[in-house]
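# Examining the three-dimensional arrangement
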Amino acid sequence: MGFAQLASRRSTCLRRKVGAVVARDRRVLATGYNGAPSGLSHCGEVGCLRVKLQVPSGERHELCRGLHAEQNAIIQAANYGISIRGGILYTTLFPCSICTKMLINAGIENLVYQEGYPDPLAQELLRGSKIKVKKFQKASGKK
């Protein structure tokens, strides 16, 4: 989860910084963070339409000019020809329904998330999938 937290620092989103990492066999396969597509202006430069329209969190994803961290991790793996089937996705935020559908079709087997997200459809989709879901619990450091 530390790598996902580190990736989130690269986010260019004005509303929320999210990072994701796909791993398998204790190896990092791909990383992602939320932000505008490569080569396009970041929201900090052009503003955020969702903020302007006061769109509540978890709604109207299509209005965002950015990609989600999970989407960028999947795209990074595809660009480099890396299969993420059987992998674990670590993400700082529970995935939305769009990302959830992508994770199911990409063959992700485990999902570890740090913070919740208000998308009941994503939760329903995951319950119907074979993906094992776990909320990240920071180690207490006690022995």
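Coordinates for the structure precede this section.
Below is a short write-up of the structure.

## Side note on the side chain of Asp119
- With respect to the element layout, Asp119 can be found in the loop between β4 (110-115) and α6 (120-128).
- No salt bridge is formed by the buried Asp119. Its closest oppositely charged neighbour is Lys101, at 8.5 Å.
- Apart from the residues lying within four places of it in its own chain, the contact partners of Asp119 are His61, Cys96 and Ser97.

## Some points on the environment of Leu125
- Tracing the backbone shows Leu125 in helix α6.
- With a relative accessible area of 25%, Leu125 lands in the partly exposed category.
- Residues Leu125 and Arg27 lie 98 residues apart in sequence; the distance between their C-alpha atoms is 27 Å.
- Setting aside chain neighbours within four positions, we find Leu125 in contact with Ser97, Thr100, Lys101 and Ile104.

## Re the packing of aromatic side chains
- As enumerated under the stated definition, the model contains one aromatic pair in all.
- Look at Phe94 and Tyr113: their rings are 4.9 Å apart centre to centre, the planes differ by 90°, and that puts the pair in the edge-to-face class. Residue Phe94 is located in the loop between β3 (88-93) and α5 (97-106), and its partner Tyr113 is located in strand β4; the two are separated by 19 residues in the primary sequence. Of the two residues, Phe94 and Tyr113, neither departs from the other in class, the shared state being buried.

## A look at the nonpolar core
- One finds Val22, Ile84, Leu89, Phe94 and Ile108 to be the most contacted residues of the largest nonpolar core, which totals 24 residues.
- Secondary structure elements with two or more residues in this core: β1 (19-24), β2 (27-33), α4 (69-79), β3, α5, β4 and α6.
- Top contributing element to this core by residue count: α4, with four residues.
- Among residues more than four places away in sequence, those in contact with Phe94 are Glu70, Leu111, Tyr113, Glu115, Gly116, Tyr117, Ala122, Gln123, Leu126 and Val133.

Rules used in this analysis
Residues numbered from 1 in each chain as written. Predicted model: local features only at pLDDT ≥ 70, side-chain atom pairs only at ≥ 80, totals over all residues. Heavy atoms only, no water. Helix = DSSP H or I, 4+ residues; strand = E, 2+ residues; numbered from the N terminus. Buried < 20%, exposed > 50% of the residue type's maximum accessible area, 1.4 Å probe, protein only. Lys, Arg positive; Asp, Glu negative; His and termini not counted. Salt bridge = Lys/Arg side-chain N within 4 Å of Asp/Glu carboxyl O. Contact = heavy atoms within 4.5 Å. Phe/Tyr/Trp six-rings, centres within 6.5 Å; stacked < 30°, edge-to-face > 60°. Core = buried A, V, L, I, M, F, W, Y, C linked by side-chain atoms within 4.5 Å.

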